[in-house]
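An overview of the molecular structure
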Amino acid sequence: LFEQPSYDPPTVGGIIGLYLAWLERRAMSADHLANVRHYLGSFESRNGSGKPVSGCRQYDLTQWLAANQQWRSSCTRRNAVAAVLGCFGWADDEELIDRCPFRAPRASRGIQERPRRPATEDEYLAMFRIAPKHLQNALFFLWRTGCRTCEMREMTWDDVHQEGEQWFVVLEKHKTVGKTGQSRVIALDRTTARFLGWLRAKSGAGHIFTNSAGGPWDRHSFARAFRRVADRAGIAADVSAYCLRHSFTCLALEDGFTTKEVADLLGHKDTKMVERVYGAATSSHLEYLSRTANAVRRRKR
């Protein structure tokens, strides 16, 4: 009468499977979901799918990181740790396990990677001139809107809307939907709206920005295409496609937009990221801003 009912203890593979199924039911972007699945799959392969969660220790997490020396960027390593902590922290909150057996490694606590520097207008133009047409379209949109590269790659013509003279893009699935709980709205100025109208007349249905084969970009193919053009243009290795988002943000701040307005344009829930990363501009940022602010004002007129 007093025997406890028997049950199978939760395993690493079981918890990861439940967590991924839960993420798929949310409006996560395909790119973000693929990254989480990649990190958790690597963690499961390293530690074993059938390993009981009760037998996991912090040592398992640190050894997994040590075994993946190809993750050289501190940002990549933090994202990998966040995927594991998010998975087992969720299981703890849902009372699927007694406690989360992992915490952030001591070596990664308090470390903030130096913000990416914004790409200068000269660098952007140098890449734009020699880029193939399909890549030019993507670079132009990133420079004008400051959207994330994953948002640019995934948007379709069904996401483009018009109210009166205002054009905008609405994405239901995006990176920060879990934090904001709202759709991602990307405002389009008149020039960008005319550009999309011209692009729509030349393309069919489906994704707005496509690769040379007419299919949608994926993360790695776009990064490789960008790097090839950047190398041909003599652009430094510290400039990535994401730097165009930094350029847009710094120019908006210099042009008189408030941090709240910039945060809304970027799709952030609050102004913390804008104030911490962009507000505390380095000397190189300020030099760049002072050199290009007048050009941006002339362009907006």
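Residues numbered from 1 in each chain as written. Predicted model: local features only at pLDDT ≥ 70, side-chain atom pairs only at ≥ 80, totals over all residues. Heavy atoms only, no water.

Thoughts on the overall build of the protein
- The secondary structure content of the protein amounts to 14 helices and three strands.
- Residues counted as buried form 42% of the 301 residues belonging to the protein.
- Once local pairs closer than 6 in sequence are excluded, the contacts in the protein between residues at least 24 apart make up 64%.
- Surface summary for the protein: the accessible area is close to 16900 Å², and the carbon and sulfur share equals 50%. (Helix = DSSP H or I, 4+ residues; strand = E, 2+ residues; numbered from the N terminus. Buried < 20%, exposed > 50% of the residue type's maximum accessible area, 1.4 Å probe, protein only. Contact = heavy atoms within 4.5 Å. Areas by Shrake-Rupley, 256 points an atom, 1.4 Å probe, with all protein chains shown as cover.)

A short note on the nonpolar core
- By size, the foremost hydrophobic cluster in this structure holds 37 residues, and its most contacted members are L196 and F209.
- Mapped onto this core, the elements with two or more residues apiece are helix 5 (121-130), helix 6 (133-145), strand 2 (166-171), strand 3 (184-188), helix 9 (190-202), helix 10 (219-232) and helix 11 (243-254).
- In terms of residues, this core owes the most to one element, helix 6, which gives seven residues.
- Those residues in contact with F209 that sit more than four places away from it in its chain are N137, A138, F141, M152, M155, F195, L196, L199, P216 and W217.
- Counting 30 residues, the second-largest nonpolar core is a separate cluster that includes L33, Y39, F43 and V53. (Core = buried A, V, L, I, M, F, W, Y, C linked by side-chain atoms within 4.5 Å.)

Here we look at the confidence of the model for the protein
- In this model, the protein carries a mean pLDDT of 81, and residues with pLDDT of at least 70 account for 82%.
- The least confident element of the protein is helix 14 (residues 283-300), whose mean pLDDT is 49; the most confident is helix 6, at 93. (pLDDT = per-residue confidence, 0-100.)

Details of unusual backbone geometry
- With phi around 60°, E95 is a residue other than glycine that occupies positive phi space.
- Tracing the sequence through the fold places E95 in the loop between helix 4 (74-93) and helix 5.

Let's talk about the sheet that holds strand 2
- With respect to topology, three strands assemble into an open sheet ordered 1-2-3, the strand pairing being antiparallel. Unpaired on one side and paired on the other, strand 1 (160-163) and strand 3 mark the two borders of the sheet. Neighbour-to-neighbour, the strand axes of the sheet open up by a mean angle of 30°, direction not taken into account.
- Direction of pairing for strand 1 relative to strand 2: antiparallel, over a ladder of four bridges. When the bridges of strand 2 are listed, V160 appears paired with V169. (Pairing = 2+ DSSP bridges. Axes fitted to C-alpha atoms, helices over the stretch in contact; angles between N-to-C directions.)

As for the packing of aromatic side chains
- Applying the stated criterion to the full structure yields 13 aromatic pairs.
- Summarising the aromatic geometry, the rings of Y124 and W143 are spaced 4.4 Å apart at their centres and angled 5° between planes, so their arrangement reads as stacked. Within this pair, whereas Y124 is found in helix 5, its partner W143 is found in helix 6, the two being separated by 19 residues in sequence.
- The class for W143 is buried, based on a relative accessible area of 6%.
- Among the aromatic residues, ring-to-ring pairing joins F43, W64, F88 and F102 into one connected group. (Phe/Tyr/Trp six-rings, centres within 6.5 Å; stacked < 30°, edge-to-face > 60°.)

Structural notes on the pairing of strand 2
- Linking strand 1 to strand 2, which pair antiparallel, is a turn of two residues; within it G164 sits at a positive phi near 70°.
- Taken together, the five bridges between strand 2 and strand 3 define a ladder with antiparallel strand orientation. Along strand 3, the bridge assignment pairs F168 with A187.

A few points about the pattern of salt bridges
- In the structure shown here, the tally under the stated rule is seven salt bridges.
- Residue R37 pairs with E24 through a salt bridge whose shortest N-O separation is 2.8 Å. Of this pair, R37 sits in helix 2 (residues 30-47) while E24 sits in helix 1 (residues 12-25); the two residues are 13 residues apart in sequence, bridging distant segments of the chain.
- E151 is the salt-bridge partner of R184, the closest N and O atoms lying 3.0 Å from each other. (Salt bridge = Lys/Arg side-chain N within 4 Å of Asp/Glu carboxyl O.)

Here's the deal with helix 1
- Along its 14 residues, helix 1 runs 20 Å from first to last C-alpha, staying within 8% of the 20 Å computed at 1.5 Å per residue.
- Among the structural elements, helix 2 and helix 4 are those in contact with the buried residues of helix 1. (Expected span 1.5 Å × (residues − 1).)

Section: the environment of L171
- By the element assignment, L171 lies in strand 2.
- Given a relative accessible area of 6%, L171 falls into the buried group.
- Residues L171 and I186, 15 residues apart in the sequence, show an inter-C-alpha distance of 8.3 Å.
- Those residues within four positions of L171 in sequence are excluded, and the remaining contacts are E151, M155, D159, S183, R184 and I186.

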